[in-house]
Amino acid sequence: MARSHHRHKKHHPHYRQPTASSKVKRKGGAWVFIIFFAAFGLGIGYFAAGLIAAIIGAVVGGVIGFLIGHNLDRMATRK
């Protein structure tokens with residue numbers, strides 16, 4: 001008498017794709033904050049005192065954005 005193919009389970013190895021987040025370095029987190037804070041500093045400097053203050057505000061805002069974005073990226077990679 002023939003045996004049913006359902007009674008014998010075939011074990012096939014399951015393929016799991018490696019997680020992309022562990023091997024690929026994330027980029028762009030700091031750039032978002034740099035652009036946002038530079039634009040914010042540019043606007044505040046322009047409306048407060050004029051063109052020279054707008055340029056200084058954009059530079060200071062970019063530096064602050066870099067520091068915040070860099071720290072957030074570093075905290076995200078620790079976990």
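Residues numbered from 1 in each chain as written. Predicted model: local features only at pLDDT ≥ 70, side-chain atom pairs only at ≥ 80, totals over all residues. Heavy atoms only, no water.

### Things to note about helix α2 (residues 29–48)
Which entries qualify depends on this criterion: Secondary structure is summarised from DSSP: a helix means a run of H or I of at least four residues, a strand means a run of E of at least two, and numbering begins at the N terminus for each. Multiply 1.5 Å by the residue count of a helix minus one, and that product is the helix's expected span. Note on classification: 1.4 Å probe, protein chains only; a residue is buried when its accessible area is under 20% of the maximum for its type, exposed when over 50%, partly exposed between these limits. Read the arc as the range of directions from the helix axis to the C-beta atoms. Whether two residues are in contact is decided by their heavy atoms: any pair within 4.5 Å suffices.
With 20 residues, α2 should reach 28 Å at 1.5 Å per residue; the first-to-last C-alpha distance of 29 Å fits that figure. Three or more residues of α2 are buried, namely Gly29, Ala30, Ile34, Ala38, Gly41 and Gly45. The arc enclosing the buried residues of α2, seen along the axis, measures out at 140°, which places them on a common side. Projecting away from the buried face of α2 at angles above 90 degrees are the exposed residues Val32, Ile35, Phe36, Tyr46 and Phe47. Each element contacted by the buried residues of α2 is listed here: α3 (51–78). Residue Gly50 follows α2 closely and has a positive phi angle near 130°.

### Looking at the packing of α2 against α3
To be explicit about the condition: To obtain each axis, a line is fitted to C-alpha atoms, and for helices this fit is confined to the stretch in contact; angles are then taken between N-to-C directions over 0 to 180 degrees. If an angle is under 35 degrees, it is roughly parallel; if it is over 145, roughly antiparallel; if it lies from 65 to 115, roughly perpendicular; otherwise it is oblique. Handedness of each helix crossing follows the sense of rotation of the near helix against the far helix: counterclockwise by less than a right angle gives left-handed, clockwise gives right-handed. Gly falls in the polar group here, along with every residue not listed as nonpolar (Ala, Val, Leu, Ile, Met, Phe, Trp, Tyr, Cys, Pro) or charged (Asp, Glu, Lys, Arg).
Their axes nearest at 6 Å, the elements α2 and α3 cross at an angle of 155°. Judged on the interaxial angle alone, α3 and α2 are roughly antiparallel. The handedness of the crossing between α2 and α3 is right-handed. Its residues placed into classes, the contact of α2 with α3 shows 14 nonpolar, nine polar and one charged.

### A short note on a nonpolar patch on the surface
Formally: The patches reported here contain residues having more than 30% relative accessible area and no salt bridge. Joining distances are 9 Å for like charges and 5 Å for nonpolar side chains (Val, Leu, Ile, Met, Phe, Trp, Tyr). Accessible surface area values rest on a Shrake-Rupley calculation with a 1.4 Å probe, where residue burial reflects the displayed protein chains alone. Salt bridges are defined as contacts in which a side-chain nitrogen from Lys or Arg sits within 4 Å of a carboxyl oxygen from Asp or Glu.
Taken together, the side chains of Ile52, Ile56, Val60, Ile64, Ile68, Leu72 and Met75 make up a nonpolar region of the molecular surface, amounting to roughly 630 Å² of accessible area. Structurally, Ile56 can be placed in helix α3.

### A short note on the packing of aromatic side chains
Cut-off, in case you're wondering: In this analysis, rings of Phe, Tyr and Trp, with Trp reduced to its six-membered ring, are considered paired at centre separations within 6.5 Å, and the interplanar angle assigns stacked below 30 degrees, edge-to-face beyond 60, and tilted for intermediate values.
A full pass over the atoms with the stated rule returns four aromatic pairs. Judged by centre distance (6.4 Å) and plane angle (20°), the ring pair of Phe33 and Phe37 falls under stacked. Residue Phe33 and its partner Phe37 are located together in helix α2, separated by four residues, close to a single helical turn. By relative accessible area, which is 28% here, Phe33 ends up partly exposed. Centre to centre, the rings of Phe36 and Phe40 are 6.4 Å apart; their planes meet at 15°, and the pair counts as stacked. Taken together, the positions of Phe36 and Phe40, both in helix α2 and four residues apart, correspond to about one turn of that helix. For Phe40, a relative accessible area of 48% translates into the label partly exposed. An aromatic cluster is present here, built from Phe33, Phe36, Phe37 and Phe40 joined pairwise through their rings.

Function cannot be inferred from these measures alone, as they are strictly geometric.
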